[in-house]
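Spelled out from the first residue to the last, the chains are:
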Amino acid sequence: MLVLKVALFALMLTFAVKNTDAVVVRYFLGYEWRAPLILVLLVVFCIGAALGLLGAPGHIMRQRRENA
């Protein structure tokens with residue numbers, strides 16, 4: 001398992017190092033954000049994980065009521 005974790009970490013690290021080019025994320029009304037691609041991907045991943053965690057308690061509570 002440790003070998004798998006190290007390999008995954010190395011894969012992610014090389015992905016991050018190779019994707020440092022700046023990208024532009026454009027919003028409404030002319031707003032834009034310039035950042036490295038890996039930072040944009042990290043932010044989007046974290047937002048998705050947070051939204052998933054926020055949506056999970058309702059589903060879990062419903063399952064507990066059904067099981068009870």
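Sequence order as written defines residue numbering, which begins from 1 separately in each chain. The model is predicted, so local features are restricted to residues of pLDDT at least 70 and side-chain atom pairs to those at 80 or more, both for listing and for counting; the totals for chains, interfaces and linings are taken over all residues. Side-chain metrics rest on all non-hydrogen atoms present in the structure, leaving aside hydrogens and water.

## A few points about the overall build of the chain
Formally: Helix numbers and strand numbers start at the N terminus; a helix is a DSSP run of H or I with at least 4 residues, a strand a run of E with at least 2. A radius of gyration in this sense is built from C-alpha atoms; the matching globule rule multiplies 2.2 Å by the number of residues raised to 0.38. Reported accessibility uses the Shrake-Rupley method at a 1.4 Å probe radius. Residues are deemed covered only where the shown protein chains occlude them.
Summing up its helical and strand segments, the chain has two helices and two strands in all. Along its sequence from the N terminus, the chain presents helices and strands in the succession α-β-β-α. For 68 residues, the compact-globule estimate of 2.2 N^0.38 gives 11 Å, and the C-alpha radius of gyration of the chain, at 18 Å, exceeds that figure by more than 25%. On the chain, roughly 6,300 Å² of surface is accessible, and the fraction owed to carbon and sulfur atoms is 72%.

## As for the pairing of strand 1 (residues 22–26)
This is how the line gets drawn: Should DSSP find at least two bridges between two strands, the strands are regarded as paired.
Two strands pair when backbone bridges link them, and strand 1 and strand 2 (residues 32–36) are joined in this way by five bridges, in the antiparallel orientation. By the bridge assignment, Arg26 is partnered in strand 2 with Glu32. The turn joining strand 1 and strand 2, which pair antiparallel and follow one another in sequence, is formed by five residues; a positive phi near 60° is taken by Leu29.

## With respect to the pattern of salt bridges
Definition in use: Put simply, a salt bridge is a Lys or Arg side-chain nitrogen that is within 4 Å of an Asp or Glu carboxyl oxygen. Accessibility here uses a 1.4 Å probe with only protein chains present; expressed as a share of the type maximum, an area under 20% marks a residue as buried, one over 50% as exposed, and anything in between as partly exposed.
Per the stated rule, a full pass over the model turns up two salt bridges. Glu32 serves as the salt-bridge partner of Arg26, at 3.9 Å between the closest nitrogen and oxygen. Of the charged contacts, one joins Glu32 and Arg34 as a salt bridge, the two residues approaching to 3.0 Å between their closest N and O atoms. On the accessibility criterion, Arg34 (58% relative accessible area) is exposed. Linked by salt bridges that have partners in common, Arg26, Glu32 and Arg34 make up one network.

## Notes on unusual backbone geometry
Its identity as a non-glycine residue notwithstanding, Leu29 has a phi of 60°, on the positive side. Here Leu29 is to be found in the loop between strand 1 and strand 2.

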